[in-house]
Protein chains: 2
Amino acid sequence: MKIGDLAAQSGLSPDTIRYYERIGLMPLPVRDGSGRRDYGDDTLRWVAFLEKLRDTDMPVRERLVYARLRAKGPETAPERAALLRTHRERVRERLLALQAGLDLLDAKIEGYERGEIR
Amino acid sequence: MKIGDLAAQSGLSPDTIRYYERIGLMPLPVRDGSGRRDYGDDTLRWVAFLEKLRDTDMPVRERLVYARLRAKGPETAPERAALLRTHRERVRERLLALQAGLDLLDAKIEGYERGEIR
DNA sequence: GCTTGACCCGGAGTGCGCTCCAACTCGTAG
DNA sequence: CTACGAGTTGGAGCGCACTCCGGGTCAAGC
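Report follows, based on the coordinates. As the structure is a computational prediction, the values presented were derived from the model and not from experiment. (Residues numbered from 1 in each chain as written. Chains lettered and ligands numbered in written order. Predicted model: local features only at pLDDT ≥ 70, side-chain atom pairs only at ≥ 80, totals over all residues. Heavy atoms only, no water.)

**Overview of the packing of aromatic side chains**
- Applying the stated rule across the entire model yields eight aromatic pairs over all chains.
- With a centroid separation of 5.8 Å and 45 degrees between ring planes, the pair formed by Y19 of chain A and Y20 of chain A is classed as tilted.
- Given a relative accessible area of 34%, Y19 of chain A falls into the partly exposed group.
- Ring centres 6.2 Å apart and planes at 40 degrees place the aromatic pair W46 of chain A and F49 of chain A in the tilted group. A residue pair is termed a helical-turn pair when its members lie 3 or 4 positions apart in one helix, as W46 of chain A and F49 of chain A do in helix α3 (residues 41–55) at three residues.
- Here W46 of chain A falls in the buried class, since its relative accessible area comes to 5%.
- Among the residues examined, F49 of chain A registers a relative accessible area of 8% and is labelled buried.
- Counting every residue linked through ring pairs, the aromatic cluster contains W46, F49 and Y66 of chain A.
- Its end group placed over the ring of W46 of chain A, R70 of chain A keeps NZ or CZ at 3.9 Å from the ring centre.
- The ring of F49 of chain B has K108 of chain A lying over it, and the distance from NZ or CZ to the ring centre is 4.2 Å. (Phe/Tyr/Trp six-rings, centres within 6.5 Å; stacked < 30°, edge-to-face > 60°. Buried < 20%, exposed > 50% of the residue type's maximum accessible area, 1.4 Å probe, protein only. Helix = DSSP H or I, 4+ residues; strand = E, 2+ residues; numbered from the N terminus. Lys NZ or Arg CZ within 6 Å of the ring centre and 35° of its normal.)

**Focus: the interface of chain A and chain B**
- With 32 residues of chain A at the interface, the matching set in chain B holds 32 residues.
- Of all residues in chain A, the largest losses of buried area upon contact with chain B belong to L98, L105 and Y112 of chain A, amounting jointly to 20% of the total for that side.
- Here chain A is connected to chain B by six salt bridges.
- We note a salt bridge from R94 of chain A to D57 of chain B, for which the minimum N-O separation is 3.0 Å.
- Residue assignment for the side of chain A that touches chain B shows that the elements contributing at least two residues are α3 and α5 (77–113) of chain A.
- Looking at the side of chain A that touches chain B element by element, the count peaks at 22 residues for α5 of chain A. (Contact = heavy atoms within 4.5 Å. Buried area = accessible area lost by both parts, 1.4 Å probe. Salt bridge = Lys/Arg side-chain N within 4 Å of Asp/Glu carboxyl O.)

**A closer look at the protein's contact with DNA strand D**
- Taken together, 20 residues lie around DNA strand D, and R18, R31 and R37 of chain A together with D15 and Y20 of chain B are the ones closest in.
- In the model, a phosphate oxygen of DNA strand D is placed 2.8 Å from a nitrogen or oxygen of the Y20 of chain B side chain.
- In the environment of DNA strand D, a phosphate oxygen lies 3.3 Å from a nitrogen or oxygen atom belonging to the side chain of R61 of chain B.
- Looking at the surface near DNA strand D, the elements that each hand over two or more residues are α1 (3–10) of chain A together with α2 (14–23) and α4 (60–72) of chain B.
- Split into classes, the residues belonging to the surface near DNA strand D amount to five nonpolar, four polar and eleven charged. (Near = heavy atom within 4 Å. Polar contact = N/O pair within 3.5 Å; in protein donor to acceptor, adjacent residues only side chain to side chain. Nonpolar A, V, L, I, M, F, W, Y, C, P; charged D, E, K, R; others polar.)

So, in structure tokens, the structure goes:
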């Protein structure tokens, strides 16, 4: 799989993929005969997971920590789990805050609909 | 209320308040005898509302549109309501995505706990 | 009367997460 | 054989949302 294919299938741009590689989020891919990046399906799954983490607002720095632990080997599994648990707690809080915001919006829109807001 | 008091009560920094004023998010406050900003409780309520919108990821640009409509007068109420409804839809989607992310985290952490992840 | 601390202003700087660019090299289709 | 599209690199640039800075003013407490 070339970078363009990975980009198409992951939804990231080639530039973003190279950027992720530069900062260490993605492992250095093998290169084909003429120096082009060649990816396997494992990479696609990894990128997809990274995107899920991003979607939950995990900052790049933290995804980086996770990536480095993963690269280090299976013995880092407990650390990775701990990292995910910490992050999960933040996601839960964010979810609550967002729900509160949604409730406020509902109330505010209600107010507009009743003509109570000037 | 001086800018420091408003900052303390709203949780924003004085710099952020002045920044909001510069870009038009906040109305120009009255000044006391020596040129200092003097705020009333109405401003505190407005700032609090702005923060709630921010907490739901409404971008500054959009809060600005809302602020300008509000400043324009009561006849813009329908437009403001429409803006909030559009935003609410985005918040709902975000909430779903976040919930999906949370589910994934749960599953992943489960996997780590079962020792299924290398 | 002097120091202190809060405020003023305009503008520069910061951190994040990309995104774009120029200049180059390839492999393939016509 | 050549034109094209997709890839390569290092580095610059961008949009967002603040955040900080320097140099100044002013009112109140000691």
